[in-house]
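Here are the chains, one letter per residue:
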Amino acid sequence: MNKRKIILDCDPGHDDAVAIILAAKNPNLELLGITVVAGNQTLENTQRNALHLVQHLDLNLPVYAGCGQPMVRDKVIAGDIHGETGLDGPVFEKLNREIEADHAVNYIIKTLMNSPEKITVVTTGPMTNLGMALRMEPKIVNKIQEIVFMGGSYANGNVTPAAEFNILADAEAAHVCISSGLPITMVGLDVTRKALCYPEIVERMRKVGNKASDLFTDLMAFFCKTQKEVYGWEGGPLHDPITIAYLIDSTVLITKPMNVTVDTSSSQSYGRTNCDFFGYMKKEPNVNVGIDIDVEKFWDIVEDGLKLYD
């Protein structure tokens, strides 16, 4: 069985870190590289966090820094959830790994255009890097197998009543990606809010007893604390790793084809993913939208992923 080739575009971020853990060593995935965008924190912080993660886990993966600003709107970050560094909690050793010289957008274009096989692009932060790549070189649409993104919601947002953070942070980039005509799977708040990392889950993962599980425990100690402070939940929703879990085992999600557009013009609902759940608009579906998740299967995938670091 051929491994599914992926590029992971992220903004680490506690849940992005777990996505990297799951993607890097799964036997059915080939993680080609990590591209980084501003989102959960500034680009300076998110690229440093990505380097710390690959160094700490001893991963032979290149990390490319991308866009530090959205396409159009002013920059926003999620410091209230991820802290001053974007990855508060774990204490890392002195950083020796270095960022790659090439810009992330150039890396995405070159990697796609030079690949004899199609590649899946996973985005777990604002979609600026991929949106810019699609604008700079439209031919990459012929090289992308699927876009799998964490973002949006067909119900409620998490930054405004309408908008989820990743889409709000660069709705124009999300519009470019979602309107690209490519196969797309949306892993939105409707499913990620069901994967709450309760204390018993943290303890279960801690018992794996290796470097990855120790990192998971340290990450969740901070992440769950801020989620409780902001949203009142006893366990933080582990948004981003669900994209990777879906690629490992697609049955972890139930999806529904819908026509999805991104609101880029409203003052109140900017960044909303308008998902036509009931087909009111009589338009062709363009996105497979996650509507439910097998939570037990998801946590099994996470545990199995941590065990790969034994």
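Bear in mind the structure is a predicted one, so any value in this text is a computation, not a measurement.

A. Structural context of helix 7 (residues 171-178). A large share of helix 7 lies buried, amounting to seven of its eight residues. Along helix 7, the residues classified as buried are Ala 171, Glu 172, Ala 173, Ala 174, Val 176, Cys 177 and Ile 178. Close packing links the buried residues of helix 7 with helix 5 (128-136), strand 5 (144-150), helix 6 (165-169), strand 6 (184-187), strand 10 (260-262) and strand 12 (287-293).

B. Focus on the packing of aromatic side chains. A complete count under the given rule lists five aromatic pairs for this structure. Among the aromatic residues, those joined into a cluster by ring pairs are Tyr 154, Phe 277, Phe 278 and Tyr 280.

C. The pattern of salt bridges, seen in detail. Under the criterion given, the structure shown has nine salt bridges. Note that Lys 297 is salt-bridged to Asp 249, the shortest N-O span being 3.9 Å. Here Asp 249 lies in the loop between helix 11 (241-248) and strand 9 (253-258) and Lys 297 lies in helix 12 (residues 295-307), a separation of 48 residues in the sequence. The class for Lys 297 is partly exposed, based on a relative accessible area of 25%. Lys 307 serves as the salt-bridge partner of Glu 303, at 3.7 Å between the closest nitrogen and oxygen. You can see Glu 303 and its partner Lys 307 sitting in helix 12, four residues apart, about one turn around the helix. With relative accessibility at 17%, the residue Glu 303 sits in the buried group. Owing to a relative accessible area of 40%, Lys 307 belongs among the partly exposed residues under this scheme. Connected via shared salt-bridge partners are Arg 204, Asp 300, Glu 303 and Lys 307.

D. Expanded view of the sheet that holds strand 3 (residues 63-65). Reading across the sheet, the eight strands line up as 3-2-1-4-5-6-12-9 and stay open at both edges, with mixed pairing between neighbours. On the outer flanks of this sheet lie strand 3 and strand 9, each paired with one strand and no other. In this sheet, neighbouring strand axes are inclined to one another by 25 degrees on average, regardless of whether the strands run parallel or antiparallel. In this structure, strand 4 (residues 119-123) lies alongside strand 5, joined through five bridges in parallel fashion. Counterpart to Val 122 in the pairing with strand 5 is Val 148.

Each value, and the rule that gives it
- Residues numbered from 1 in each chain as written.
- Predicted model: local features only at pLDDT ≥ 70, side-chain atom pairs only at ≥ 80, totals over all residues.
- Heavy atoms only, no water.
- Buried < 20%, exposed > 50% of the residue type's maximum accessible area, 1.4 Å probe, protein only.
- Helix = DSSP H or I, 4+ residues; strand = E, 2+ residues; numbered from the N terminus.
- Contact = heavy atoms within 4.5 Å.
- Phe/Tyr/Trp six-rings, centres within 6.5 Å; stacked < 30°, edge-to-face > 60°.
- Salt bridge = Lys/Arg side-chain N within 4 Å of Asp/Glu carboxyl O.
- Pairing = 2+ DSSP bridges.
- Axes fitted to C-alpha atoms, helices over the stretch in contact; angles between N-to-C directions.

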